[in-house]
Amino acid sequence: YSDITTDGQSIASLYISQNSTPSVFSNITYTNAPSPYQLFAQTTIPAIITSNDTFGTGLVAKYQRISGTLSSGTHTLAANPLGASTVWYMYADLTVPSGATLDIDANTVIKSSNNFDLFVDGTLNVNGTPNNEVIFTDFRDDTVAGDSNDDTNGSAPGISNWEGIDFRPGSQGTVNSLIVQHVQEGVLVQNTGSISAPLNFTDLTINNGVNGLRIYQ
């Protein structure tokens, strides 16, 4: 892929799916779009892309879109994926299947909308620290990492605009310094967590939801 300009896209300039890695990628320019990349079933943009593309006029680039079912292995959501004060935007359900691990770095912000969930069937490690928490919130929440949807205070977060984090049977993980807000079910734990596959929470805060922490078997 070379000498390409994408202009005037309504969602994203480049859609990357299922660990796609082009062998040649040069002189690509994105203009007039809300986000440069949309990721499906992966969390990493290949270096051959990020080292050879250009953010042009009118590219807002306040968020990195992500959704889908991750492949087996370890995946990472890093803080500020597109630069300072940028966030991950969960624009549809995101699933960590059995056999996969999702690590979320300290200071990472994930915003969601439209009743979507983070489903965990594998392992979720939230690596926040005091004063450098991981935050999940409504896409319309301008109090965290600014006006991500770029509507200049034209919207406000709701109590249940997104569904929450759902640890399903057989899942495991370690959750440190996590804030979840403006949510239907803050954290849902379904018949999971054991000595052999522990699920540990330390410093969990849930704000402005319908249900906070819900545990059932």
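The following paragraphs examine the structure supplied in this document. (Residues numbered from 1 in each chain as written. Predicted model: local features only at pLDDT ≥ 70, side-chain atom pairs only at ≥ 80, totals over all residues. Heavy atoms only, no water.)

## Comments concerning the overall build of the chain
Okay, so step 1: Looking only at helices and strands, the chain has one helix and 16 strands in total.
Okay, so step 2: For the chain, the C-alpha radius of gyration of 17 Å lies close to 17 Å, the compact-globule estimate for 217 residues.
Okay, so step 3: Judged by the C-alpha coordinates and their principal axes, the chain covers about 55 × 40 × 30 Å.
Okay, so step 4: Burial status across the chain gives 48% buried among its 217 residues. (Helix = DSSP H or I, 4+ residues; strand = E, 2+ residues; numbered from the N terminus. Rg over C-alpha atoms; globule rule 2.2 N^0.38 Å. Buried < 20%, exposed > 50% of the residue type's maximum accessible area, 1.4 Å probe, protein only.)

## Considerations on the nonpolar core
Okay, so step 1: Judged by nonpolar contacts, the single largest core of 40 residues is most densely connected at Leu102, Ile104, Leu118, Leu124, Phe136, Ile165 and Phe167.
Okay, so step 2: Looking at which element gives the most residues to this core, the answer is strand S15 (residues 172-190), with six residues.
Okay, so step 3: The contact partners of Phe136, leaving out residues within four places of it in the chain, are Ile104, Ile110, Leu118, Trp162, Ile165, Leu178, Ile179, Val180 and Gln181.
Okay, so step 4: If you look at the next biggest cluster of nonpolar residues, it comprises nine residues, including Tyr63, Tyr91, Ile135 and Val144. (Core = buried A, V, L, I, M, F, W, Y, C linked by side-chain atoms within 4.5 Å. Contact = heavy atoms within 4.5 Å.)

## With respect to the sheet that holds strand S3 (residues 26-31)
Okay, so step 1: Strands sit in the order S1-S3-S5 across an open sheet of three strands; the sheet is parallel. What marks the edges here is a single partner per strand, and that holds for strand S1 (2-7) and strand S5 (53-55). Taking the axes of each pair of neighbouring strands and ignoring which way they run, one obtains an average angle of 15° across the sheet.
Okay, so step 2: When S3 meets S5, the two strands line up parallel, connected through three bridges. When the sheet's bridge partners are listed, Tyr30 is paired in S5 with Phe55. (Pairing = 2+ DSSP bridges. Axes fitted to C-alpha atoms, helices over the stretch in contact; angles between N-to-C directions.)

## Regarding the packing of aromatic side chains
Each aromatic ring pair is characterised by the separation of its centres together with the angle its planes make.
Okay, so step 1: Counted by the stated rule, this structure contains ten aromatic pairs.
Okay, so step 2: Taking the centre distance of 3.8 Å and the plane angle of 10° together, the rings of Tyr89 and Phe139 count as stacked. With Tyr89 in strand S8 (residues 87-96) and Phe139 in the loop between strand S13 (134-138) and strand S14 (162-167), this pair connects stretches of sequence that are 50 residues apart.
Okay, so step 3: According to the relative accessible area criterion, Tyr89 is buried, its value standing at 8%.
Okay, so step 4: Considering the side-chain rings of Phe136 and Trp162, the 5.9 Å spacing of their centres and the 20° angle between planes classify their relative orientation as stacked. Taken together, the residues Phe136 in strand S13 and Trp162 in strand S14 connect sequence positions 26 residues apart. (Phe/Tyr/Trp six-rings, centres within 6.5 Å; stacked < 30°, edge-to-face > 60°.)

## Considering the pattern of salt bridges
Okay, so step 1: Tallied over the full model, the rule gives four salt bridges.
Okay, so step 2: Measuring nitrogen to oxygen at the nearest pair gives 3.1 Å for the salt bridge that ties Arg140 to Asp138.
Okay, so step 3: The exposure class of Arg140 is partly exposed, given its relative accessible area of 25%.
Okay, so step 4: For Asp138, a relative accessible area of 0% puts it in the buried group. (Salt bridge = Lys/Arg side-chain N within 4 Å of Asp/Glu carboxyl O.)

## With respect to the environment of Val183
Okay, so step 1: Of note, Val183 is situated in strand S15.
Okay, so step 2: Through-space distance from the C-alpha of Val183 to that of Tyr216 is 18 Å; in sequence the pair is 33 residues apart.
Okay, so step 3: For Val183, the residues in contact, after removing those within four places along its chain, are Ile159, Ser160, Trp162, Glu163, Gly164, Ile206, Asn208, Gly209 and Val210.

## Quick look at unusual backbone geometry
Okay, so step 1: Positioned with a positive phi, Asn27 is a non-glycine residue whose angle comes to about 55°.
Okay, so step 2: As for its position among the elements, Asn27 is in strand S3.
Okay, so step 3: We note that Ser177 has phi near 50°; this positive angle belongs to a residue other than glycine.
Okay, so step 4: The class of Ser177 is buried, set by a relative accessible area of 4%.

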